[in-house]
Protein chains: 4
Amino acid sequence: MRNLRSAWNELADTLVDTVRAAQGEAIDPALPDAAAERVRAQMRECLAGTGGEVSARARAAALGRTYLSLDPGGRERFLRILAVEFDCDRAAVDAAVVQLNAATGPEERRGAEARLRRALEAPRRRLLTQFNALPEGVKFLVDMRAELLELSADDPSLAALESDLKGLLAAWFDIGFLELKRIGWDSSAAVLEKLIEYEAVHEIRGWDDLRNRLDSDRRCFAFFHPRMPNEPLIFVEVALTDGLAGNIQALLDPHAPLGDPRKANTAIFYSISNAQKGLGGISFGGFLIKRVVDELASEFDRLTNFATLSPIPGFRQWLTRQWSVDETQILNAADRRALADAAGVESGALAALLAREDWHRDPALSEVLRRPVMRLCARYLMQDKRDDGRASDPVANFHLSNGARMEQLNWLADTARKGIAQSAGLMINYLYRVEDIPRNHEAYVGNGEIPASAAMRALIKS
Amino acid sequence: MRNLRSAWNELADTLVDTVRAAQGEAIDPALPDAAAERVRAQMRECLAGTGGEVSARARAAALGRTYLSLDPGGRERFLRILAVEFDCDRAAVDAAVVQLNAATGPEERRGAEARLRRALEAPRRRLLTQFNALPEGVKFLVDMRAELLELSADDPSLAALESDLKGLLAAWFDIGFLELKRIGWDSSAAVLEKLIEYEAVHEIRGWDDLRNRLDSDRRCFAFFHPRMPNEPLIFVEVALTDGLAGNIQALLDPHAPLGDPRKANTAIFYSISNAQKGLGGISFGGFLIKRVVDELASEFDRLTNFATLSPIPGFRQWLTRQWSVDETQILNAADRRALADAAGVESGALAALLAREDWHRDPALSEVLRRPVMRLCARYLMQDKRDDGRASDPVANFHLSNGARMEQLNWLADTARKGIAQSAGLMINYLYRVEDIPRNHEAYVGNGEIPASAAMRALIKS
Amino acid sequence: MRNLRSAWNELADTLVDTVRAAQGEAIDPALPDAAAERVRAQMRECLAGTGGEVSARARAAALGRTYLSLDPGGRERFLRILAVEFDCDRAAVDAAVVQLNAATGPEERRGAEARLRRALEAPRRRLLTQFNALPEGVKFLVDMRAELLELSADDPSLAALESDLKGLLAAWFDIGFLELKRIGWDSSAAVLEKLIEYEAVHEIRGWDDLRNRLDSDRRCFAFFHPRMPNEPLIFVEVALTDGLAGNIQALLDPHAPLGDPRKANTAIFYSISNAQKGLGGISFGGFLIKRVVDELASEFDRLTNFATLSPIPGFRQWLTRQWSVDETQILNAADRRALADAAGVESGALAALLAREDWHRDPALSEVLRRPVMRLCARYLMQDKRDDGRASDPVANFHLSNGARMEQLNWLADTARKGIAQSAGLMINYLYRVEDIPRNHEAYVGNGEIPASAAMRALIKS
Amino acid sequence: MRNLRSAWNELADTLVDTVRAAQGEAIDPALPDAAAERVRAQMRECLAGTGGEVSARARAAALGRTYLSLDPGGRERFLRILAVEFDCDRAAVDAAVVQLNAATGPEERRGAEARLRRALEAPRRRLLTQFNALPEGVKFLVDMRAELLELSADDPSLAALESDLKGLLAAWFDIGFLELKRIGWDSSAAVLEKLIEYEAVHEIRGWDDLRNRLDSDRRCFAFFHPRMPNEPLIFVEVALTDGLAGNIQALLDPHAPLGDPRKANTAIFYSISNAQKGLGGISFGGFLIKRVVDELASEFDRLTNFATLSPIPGFRQWLTRQWSVDETQILNAADRRALADAAGVESGALAALLAREDWHRDPALSEVLRRPVMRLCARYLMQDKRDDGRASDPVANFHLSNGARMEQLNWLADTARKGIAQSAGLMINYLYRVEDIPRNHEAYVGNGEIPASAAMRALIKS
């Protein structure tokens, strides 16, 4: 059985060429009124379905290419036309509502509901589906949604279009359709360069750094979609270590000796990156972690711990808000004393010290800061909540929702500029214990409880 | 990059085992009241999402397995529970309708519509999506729909569930996700046995017959879905010939000499079978033909004709209806005379002759029948219309909708029992001329015109 | 990185066409003198290498196709020309021998040896290598050797050619180049039909029988060569059972309930077939067993026994030779008595009883035969040796050489016609215990000792 | 049919571990006498075959790993032991020679030859084959030969071992076993980094340069062997251009606009690199070019010219030898005058000018040099021959042997340091015209004629 390459895409190519030839001259990228009128007409034709389903698809593909040729302003106009002019037919909706109100008996009611449902389905949604006919059609729609997400923040008229597109993508990117793949040095360069591009947590500094992260004591896994074969959707980088790793620079050091993965007892998930902005709000992170834990457990018998080494992105901002209110509220007397001595000022000592460039390179200073900063961070992580009772730190919220618990806070764990700026160099290990995952999840999502190790809990009390 | 096998499926397996263990004893296949109560509770739990998304999926998978273990009566109860008890919340719908009616300004209206849309989305639809977590989840849903289609014919309360499922499947089986594959003797036995099972037009009589149909002067193509890798969705069998083939037995004769495909000028599509009942109403036949034409054209330079050799399934039934009214209406005097002489009766001669067993083996008799029967068949094909103006013969409607034209009617073209019974042994070639496809489609779908060759048109007039 | 299919083969095709066109009319299949002269000339041209290496290969490919077009007599003439006329140059050999004899000092000697080695290399060997350029070139040479093996039995002038070819194939089919693959219902029909064709031990009676042998409680493995992707070289069929299986009909019964392979503790290798006659004398059977044991052990944790259920092909013939000498020598008095009573004759009772059609269907008779026949068979297996001290039963010799031991003799284990005829229905289990393999091999190959279970040893003594 | 990964390799791993455990402590990398004694014993054991073929292989694999653990001196000792102590048995050879001399009649003679052939087969050759059992065994032997080639240059006692190994590799790397693959950006990083490492003509300066060479208007093809899947054996880089390309820096410029390959009429083979030193003397370059020409011709209809852009590695050295004899011999009066004026010296002007750093950046100077240097280079290429009548320039010899002709000499075609140093910046296009290849090959190899374009021939005469 031979797989005929890019089946549909090639069909689309041929047809698009035909359609294009028939459409005459190119569209102005800024989409001025005259051009907009032509685009509008094309949209209507796609929906009319004249010439058969195959031709309709080809027309949609040509329309998609027009979109790609537009400049930002032109795209916004294009999207607004789609959102507003191809919305559902209000008269039809109102008529269906009238019918619903008049329905008697369950059968009639059910029929009226079905009709109303259909009336509420905007034509733009059908048009969006047809863009799938573009070569790389799924990626096209994902990228279009990324643009829509930005635009719709300021323009509510685009929100309904964005919502239609999200619904479509959510169906297509159902977890059941995703493929977990291991990425390694034997993966294609076309995929590997995407890792370099998309890594969002600890920047990959070129091919040598990448190769080091794919060495025999490391693993990298990603979810892929069959229609976007070279595009990871979300990926996780894992180090196989002996015991919990508490320092990211040590973990990423290319000169560190190669570990023997067969002897490792711990898998450290040190970076998880969503790769597609256009899939925002469609979550598969929890599934990825669960699946990778299973893969690793089946490959390596000795692995018993599955933990992250995670950033704490919101800590320093929170801290700044705290001391801007009143530093005395957040520090006990002993700490205030020690900090003041070190800073040479009576008030605002903590802020002053953390403002010093390279404070973390001064061992004595770092020692003074250690206790109060770690305690404050533990408080931030475990006690600072959003209105809905969830942890306000987004990374904490992600892992706790997935059933992890807070395990260990690490001092001077990320001394890169970004790590110092975001979290005063602190990082945290979240621990995934397979048997505890449902209970942790329930406790957190149901009751807002934050599962944590004894050590973490002790930090707050101290 | 290594593809980790059946990623999600294995996860599902593990989780299902866990869930199953927790669920206690097995469900009674007939789903009596107590068992139904337990199933109802499970459905609610799936939707509640307690324990996290991963666990919810596992629970849905377990529920899906329960379904598979039920007997027909049990399944019907299961589906009815799902359809009726997990329908949308009427109070919520009514409230949303009130809001809609009260909305002023486009923004408010748009928001109200969105809320109403959400209110109309039945929980059962979300539950259906979750069944995707079953190993072979997509196939499970396709088969469930096949069962639903049968049940809902007699039970309108199931129709809305069927409609939800159709919507889901239509999104997943969008043409953009289908893969065209060539099937040959180097395909897996697991796929090939499906051809034997699913062939709906000219029965495949075992592995030798199959092998003959996959020989070097034949081609077979199918659409597949990435999540059902061993299941063809629709497949077409093609013979590469010199000129239009007009006899199916000759075409399928295992003792016929092997043709040289490089010298063929014609591709005969002699069998197209939909393989999945559960995808009924979700069409990709037109795309298949277009794609296969492209594949063949790019493989073989000399191919210039693309045509079918098709059954005419409704002809004999139609004919019976005709003569039961009045035979004189449908036959001219000369034909009536000749038929009466041959039959030895004055009235009802055509019916009498066609009722004779093996009339087609008697050359003289066959010659008498030829002219009148072919003329009547041409009339059936080209003039018998449904209320919507389409051809009443379903195969004709399929090919005309795809842009083909009627090319040639063939006498004694299918002398198998079924061919004689259905169409008095007649078959027809529909011709696909790439450049005429859109125009033909338009003429037929838009205006109910039936494109046909001069020879076909002449048949009627004669 | 895309694999450009059948790289060399396509090149060969093109070139062969060119060469063929230049060669003029076709060769007479019987290869009469004039045709033989043309073939001779072609052979010389191939070796001359005019037109470059690429053209020389093409010429060899054309010559190979000529061979394929010949009838049996023509092929024999072709091979004899190759064997005799393209042998090494005797004058050159003699000259090299003179140089060798004159050589003084190790360097000179070494040089002279190298020259002599080259002089002894027959041009026909180089020509054989060039046939590799044929599409399916390796299979061509394997099949050519199968023919040579038959012909050379009666014609020693062909033996040297056969030996050259064996040397070539032995290098190409080195175990390091073979790929172990699992064959299942998801294998291609093109491979599966080879199993049906090549199965040499227990005939496969069609696709249903085959499917049963590939079910989930069965395994089938084969060695393949990269250049013969659809041709198994040797394959083994395995049943996963609970305890040693002692009856082949029960094992192959399509109506037997499906076992759960996860619960099996024993892997029964019930059929091992060499598929390529042309690879005779190039052994990889031992490697296959070792590799399959490893595969199974890694797939199924509970497997602890690896054993065969093997035929005893030489037993009945041996038995006939024994009693034709003197039956009293091979039976003790009690057995003689019982057999005589059952047969109703005083002498030749064993022969008489075993000559009765369907003796094995008569329980009483079978019971009388059981003890003496099993004892005799054990004696045959363990005590009948070839001149080189190996077991004379070929299957026994194969497994003992591979390090197995004789484990259990099974009465009425194969009641198919062939089983009754060859071995009076007896079959034996050879047991492979991974830790004993080297010792068993050594004992057998080094000292002619036959490792056997206590039960087997007891059988002889009884 | 599932391919069980690295079949034999895994077996080897297991067995090697067993053997290693039994061998006791590790071998000293310098291989002093005691260690050498142990190695010698291991070699004997491998050949003795005790414990069965499987164990023998495992022992050879362990021995191979020992080799890998040795330092250069240790390896040399290891190889010398193998070469000298496992040479053929002289007494046996002498006895076979005596038998040969005594043989009467063709049958006896043939038998005696066969025995002599066997006697001349050194045991070391069999041992080399067994190393194939190492994981990566083929690559191991290729690399071992690379080392042997260096060592045997100074040590004739190793030459026979090297020759045995060459014979083995020549059989395994027969062109029939090689796979042509296209390499692109979708190839694995593991393969791509080999290109960077092995490129021998125009250095690849990192991943960006590589990516540029794999862009849509470029092609890269390589031969691979099934047992060395990540190791190209030889690869060629091709640019698709409009007309002959005459400047390598322009061709490799990453900022040059991307060409449209569909419109190109010329394929420029601008770099061909042998990747495996250990396969020296086993040629497949000619096949690669022929195959790539076919691939490109079938992908792109418009391609009509297939040519190289090649270095002229021996030109400057030859030129220096020429003028060191007598500059007046190689230059005509007019050129001598112009050069002397430019250099400001009467004699040795050409040498003086070419010795100036950056002469090629001075347009006036470059113009003075152009005519005489191009004429001299044409003379070098077309008239400077080796003793066997072949062109002395190695690149010229390669392409002429493959049937190309000299087409066009290009001034300032390679102004990189190496290009200036080797060939005064000149490069040449060799043209492959499919229909002329056999004739060109014949003319060159048979008669030492150098096929060249009219322009090239005119250059000499001028």
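Bear in mind that the values here come from a model prediction, so they are computed numbers and not experimental data.

### Points about the overall build of chain A
So, point 1. Along its length, chain A carries 21 helices and eight strands.
So, point 2. Its C-alpha atoms give chain A principal-axis dimensions of about 80 × 55 × 50 Å.
So, point 3. Summarising the internal contacts of chain A: among those between residues at least 6 apart in sequence, 72% fall at separations of at least 24.
So, point 4. Put simply, chain A shows about 19,100 Å² of open surface, and 50% of that area lies on carbon and sulfur atoms.
So, point 5. The positive charge centre, built from 59 side chains, and the negative charge centre, built from 66, are 3 Å apart in chain A.

### So, the relation of the copies chain B and chain C
So, point 1. Mapping chain B onto chain C leaves a residual RMSD of 0.1 Å; the transformation is a rotation of 180° accompanied by 0.2 Å of translation along its axis. Viewed as a symmetry operation, the transformation between the two copies matches a two-fold axis. Residue Ser 188 of chain B of chain B places its C-alpha closer to the rotation axis than any other residue of that unit, at 2.0 Å.
So, point 2. In this assembly the copies share their binding face: 100% of the residues contributing to the interface of chain B also contribute to that of chain C.

### Remarks on the packing of helix 15 (residues 333-343) of chain A against helix 17 (residues 363-383) of chain A
Helices that pack against each other are described as a pair by the angle of their axes relative to one another and the distance between those axes.
Residue and element names in this part refer to chain A.
So, point 1. Remark: helix 15 packs on helix 17, axes separated minimally by 10 Å, with the N-to-C direction vectors making an angle of 145°. At the point where helix 15 passes helix 17, the crossing takes the left-handed sense. Residues Ala 334, Asp 335, Ala 338, Leu 339 and Ala 342 of helix 15 form the contact with helix 17, whose own contacting residues are Leu 365, Val 368, Leu 369, Arg 371, Pro 372 and Arg 375.
So, point 2. Residues belonging to the contact of helix 15 with helix 17 are distributed by class as follows: eight nonpolar, no polar and three charged.

### Here's the deal with the relation of the copies chain C and chain D
So, point 1. Structural alignment of chain C on chain D gives an RMSD of 0.1 Å, achieved by rotating through 180° and translating 0.0 Å along the axis.
So, point 2. The residues that chain C uses at the interface reappear at the interface of chain D in 100% of cases, marking a shared surface.

### Notes on unusual backbone geometry
Residues and elements named next belong to chain A.
So, point 1. Within the chain, Leu 412 stands out as a residue other than glycine whose phi angle is a positive 50°.
So, point 2. Structurally, Leu 412 can be placed in the loop between strand 7 (405-410) and helix 19 (417-423).
So, point 3. Notably, Ala 424 is not glycine yet its phi reads approximately 50°, a positive angle.
So, point 4. Its place among the elements puts Ala 424 in the loop between helix 19 and strand 8 (427-432).
So, point 5. A relative accessible area of 1% places Ala 424 in the buried class.

### A few points about the pairing of strand 3 (residues 218-224) of chain C
Residue and element names in this part refer to chain C.
So, point 1. Among the seven residues in strand 3, seven count as buried, and that is most of the element.
So, point 2. Neither face of strand 3 is left uncovered, since the one carrying Arg 218, Cys 220, Ala 222 and Phe 224 and the one carrying Arg 219, Phe 221 and Phe 223 both have all their residues buried.
So, point 3. Bridge analysis of strand 2 (residues 179-182) against strand 3 gives four bridges, and the strand direction is antiparallel. Note on strand 3: the bridge partner recorded for Glu 179 is Phe 224.
So, point 4. Pairing analysis gives six bridges linking strand 3 to strand 4 (residues 234-241), with the strands arranged antiparallel. Opposite Ala 222, over in strand 4, you have Phe 235 as the bridge partner.

### Some thoughts on the domain arrangement of chain A
Residue and element names in this part refer to chain A.
So, point 1. With domains assigned, chain A is organised as domain 1 (2-87 + 122-172), domain 2 (90-120), domain 3 (176-308) and domain 4 (315-461).
So, point 2. Between the C-alpha centres of domain 1 and domain 3 the distance comes to 34 Å.
So, point 3. Of the residues lining the interface, 17 residues belong to domain 1; the matching set on domain 3 comes to 13 residues.
So, point 4. Taking both sides of the interface into account, the surface hidden between domain 1 and domain 3 amounts to around 1,100 Å²; carbon and sulfur atoms contribute 56%.
So, point 5. Together, Val 138, Lys 139 and Val 142 form the three largest contributors to the area buried by domain 1 at its contact with domain 3, with a combined 40%.
So, point 6. At the boundary of domain 1 with domain 3, the tally comes to one salt bridge.
So, point 7. In this structure, Lys 139 engages Glu 231 in a salt bridge whose closest nitrogen and oxygen atoms are separated by 3.7 Å.
So, point 8. Where domain 1 meets domain 3, there are five residue pairs in polar contact (both at pLDDT 80 or more).
So, point 9. Secondary-structure elements contributing two or more residues to the side of domain 1 that touches domain 3 are helix 1 (7-23), helix 8 (137-154) and helix 9 (159-172).

### Concerning the pattern of salt bridges
So, point 1. On inspection of all chains with the given rule, the structure shows 158 salt bridges over all chains.
So, point 2. Where Glu 407 of chain A meets Arg 405 of chain A, a salt bridge forms, and the shortest distance between an N and an O atom there is 2.7 Å.
So, point 3. A relative accessible area of 18% means that Glu 407 of chain A is categorised as buried.
So, point 4. A salt bridge links Asp 94 of chain C to Arg 109 of chain D, with the shortest nitrogen-to-oxygen separation between them at 3.0 Å.

### Structural notes on the interface of chain C and chain D
So, point 1. Chain C puts 69 residues into the contact, and the matching count from chain D is 69 residues.
So, point 2. Summed over both partners, the interface of chain C with chain D buries about 6,200 Å², with 58% contributed by carbon and sulfur atoms.
So, point 3. Applying the counting criterion to the chain C and chain D interface returns five salt bridges.
So, point 4. No other element matches the eight residues that helix 6 (residues 105-120) of chain C contributes to the side of chain C that touches chain D.
So, point 5. Classifying every residue of the side of chain C that touches chain D gives 31 nonpolar, 15 polar and 23 charged.

### Some words on the packing of aromatic side chains
So, point 1. Under the criterion given, the structure shown has 42 aromatic pairs over all chains.
So, point 2. Measuring from centroid to centroid gives 5.4 Å for Phe 131 of chain B and Phe 140 of chain B, while their planes differ by 70°, and the two rings are edge-to-face. Each member of the pair Phe 131 of chain B and Phe 140 of chain B is classed as buried.
So, point 3. Here the aromatic residues Tyr 67, Phe 78, Phe 131 and Phe 140 of chain A are joined through ring pairs into a cluster of three or more.
So, point 4. Just above the ring of Phe 224 of chain B sits the side chain of Lys 181 of chain B; from NZ or CZ to the centre is 5.3 Å.

### Thoughts on the nonpolar core
So, point 1. The biggest cluster of nonpolar side chains holds 222 residues, and the ones touching the most others in it are Phe 78 and Leu 381 of chain A together with Phe 78 and Leu 381 of chain B.
So, point 2. Look past the residues within four positions of Phe 78 of chain B in its chain and what remains in contact with it is Leu 31, Val 39, Met 43, Leu 63, Tyr 67, Leu 70, Phe 131 and Met 144 of chain B.

### What to know about helix 18 (residues 394-401) of chain B
Residue and element names in this part refer to chain B.
So, point 1. Most of helix 18 sits inside the fold, with six of its eight residues counted as buried.
So, point 2. Within the sequence span of helix 18, burial applies to Val 395, Ala 396, Asn 397, His 399, Leu 400 and Ser 401.
So, point 3. Sitting at the head of helix 18, Asp 393 places a side-chain oxygen 3.3 Å from the backbone nitrogen of Val 395.
So, point 4. Two residues or fewer past helix 18, Gly 403 is found with a positive phi of approximately 100°.

### Brief notes about helix 6 (residues 105-120) of chain B
Because an α-helix packs 3.6 residues into every turn, residues spaced three or four apart end up facing the same way.
So, point 1. The first and last C-alpha atoms of helix 6 of chain B sit 22 Å apart over 16 residues, in line with the 22 Å expected at 1.5 Å per residue.
So, point 2. Buried residues of helix 6 of chain B: Arg 109, Arg 110, Ala 112, Glu 113, Leu 116, Ala 119 and Leu 120 of chain B, and no others.

### Things to note about the environment of Lys 166 of chain D
Residue and element names in this part refer to chain D.
So, point 1. In this fold, Lys 166 is placed in helix 9 (residues 159-172).
So, point 2. Residues Lys 166 and Arg 145, 21 residues apart in the sequence, show an inter-C-alpha distance of 7.6 Å.
So, point 3. Setting aside anything within four residues of it in sequence, one finds Lys 166 in contact with Arg 145, Gly 280, Gly 281 and Ile 282.

### Some points on the environment of Leu 134 of chain D
So, point 1. Looking at the element boundaries, Leu 134 of chain D is found in the loop between helix 7 (123-130) and helix 8 (137-154).
So, point 2. As a C-alpha pair, Leu 134 of chain D and Ala 58 of chain D span 76 residues in sequence and 8.0 Å in three-dimensional space.

### Remarks on the confidence of the model for chain A
Residues and elements named next belong to chain A.
So, point 1. Residue-level pLDDT values for chain A average 90, and 94% of them are 70 or greater.
So, point 2. Overall, residues 5-11 carries pLDDT values under 50, and its contacts beyond four positions in sequence, including any with other chains, amount to 20 contacts.
So, point 3. Across the assembled chains, the prediction reports ipTM 0.86 with pTM 0.89.

### Some remarks on the interface of chain B and chain C
So, point 1. Taken together, the ten residues of chain B in the interface contact ten residues of chain C.
So, point 2. Summing both sides of the interface, chain B and chain C together bury roughly 820 Å²; the carbon and sulfur share of this comes to 60%.
So, point 3. The largest contributions to the chain B side of the interface with chain C come from Trp 185, Ala 189 and Trp 207 of chain B, which together make up 51% of the buried area.
So, point 4. At the junction of chain B and chain C, the tally comes to two salt bridges.
So, point 5. With its nearest N and O atoms 2.4 Å apart, the salt bridge here joins Glu 193 of chain C to Arg 211 of chain B.
So, point 6. Inspection of the chain B/chain C interface yields ten residue pairs in polar contact (both at pLDDT 80 or more).
So, point 7. Elements with a minimum of two residues in the side of chain B that touches chain C: helix 10 (189-198) and helix 11 (207-213) of chain B.
So, point 8. The biggest single contributor to the side of chain B that touches chain C is helix 10 of chain B, with four residues.

Rules used throughout
- In this convention, every chain numbers its residues from 1, walking through the sequence in written order.
- Working convention: letters from A go to chains and numbers from 1 go to ligands, in the order in which they are written.
- A pLDDT threshold of at least 70 governs which residues receive local features in this predicted model, and a stricter bar of 80 or more applies before side-chain atom pairs are shown or counted, although totals over entire chains, interfaces and linings include all residues.
- Side-chain numbers come from the whole structure's heavy atoms, not from hydrogens or water.
- For helices the rule is a DSSP run of H or I covering at least 4 residues; for strands it is a run of E covering at least 2, with both sets numbered from the N terminus onward.
- Contacts were defined at the residue level, with two residues in contact if any of their heavy atoms lie within 4.5 Å.
- Using a 1.4 Å probe, the Shrake-Rupley method yields the accessible areas, and only the shown protein chains count as cover for residues.
- Here the positive residues are Lys and Arg and the negative ones are Asp and Glu; neither His nor the chain ends is included.
- A charged residue contributes its charge at one atom only: NZ of Lys, CZ of Arg, CG of Asp or CD of Glu.
- The fit set for superposing copies consists of C-alpha atoms from residues with pLDDT of at least 70 in both; the fit itself is least squares.
- Lines fitted to C-alpha atoms define the axes, with helix axes restricted to the stretch in contact, and inter-axis angles between N-to-C directions lie between 0 and 180 degrees.
- Less than a right angle of anticlockwise turn of the near helix away from the far helix marks a crossing as left-handed, whereas a clockwise turn marks it as right-handed.
- Residues are grouped as follows: nonpolar covers Ala, Val, Leu, Ile, Met, Phe, Trp, Tyr, Cys and Pro; charged covers Asp, Glu, Lys and Arg; every other residue, Gly included, is treated as polar.
- Each residue is assigned to one of three classes by its accessible area relative to the maximum for its type, calculated with a 1.4 Å probe on protein chains only: buried under 20%, partly exposed between the two thresholds, exposed over 50%.
- In this description, strands pair whenever DSSP reports at least two bridges between them.
- In this document the domain limits rely on a domain assignment from an automatic tool or a database.
- By buried area we mean the combined loss of accessible area, with a 1.4 Å probe, across both parts when two parts are placed together.
- The rule for a salt bridge is simple: a side-chain nitrogen of Lys or Arg has to be within 4 Å of a carboxyl oxygen of Asp or Glu.
- In the analysis that follows, any N or O atom pair within 3.5 Å is treated as a polar contact, provided that within protein one partner can donate a hydrogen and the other can accept it, and provided that, for residues neighboring in sequence, both atoms belong to side chains.
- Pairing of aromatic rings covers Phe, Tyr and the six-membered ring of Trp, with a centre-to-centre limit of 6.5 Å; geometry is then stacked below 30 degrees between planes, edge-to-face above 60, and tilted otherwise.
- Both a distance and an angle decide whether a charge sits over a ring: NZ of Lys or CZ of Arg must be within 6 Å of the ring centre and within 35 degrees of the ring normal.
- Side-chain atoms within 4.5 Å are what join buried Ala, Val, Leu, Ile, Met, Phe, Trp, Tyr and Cys residues into a set we call a nonpolar core.
- Here, expected helix span is obtained from the residue count minus one, scaled by 1.5 Å.
- Confidence scores per residue from the predictor, reported as pLDDT, run from 0 to 100.

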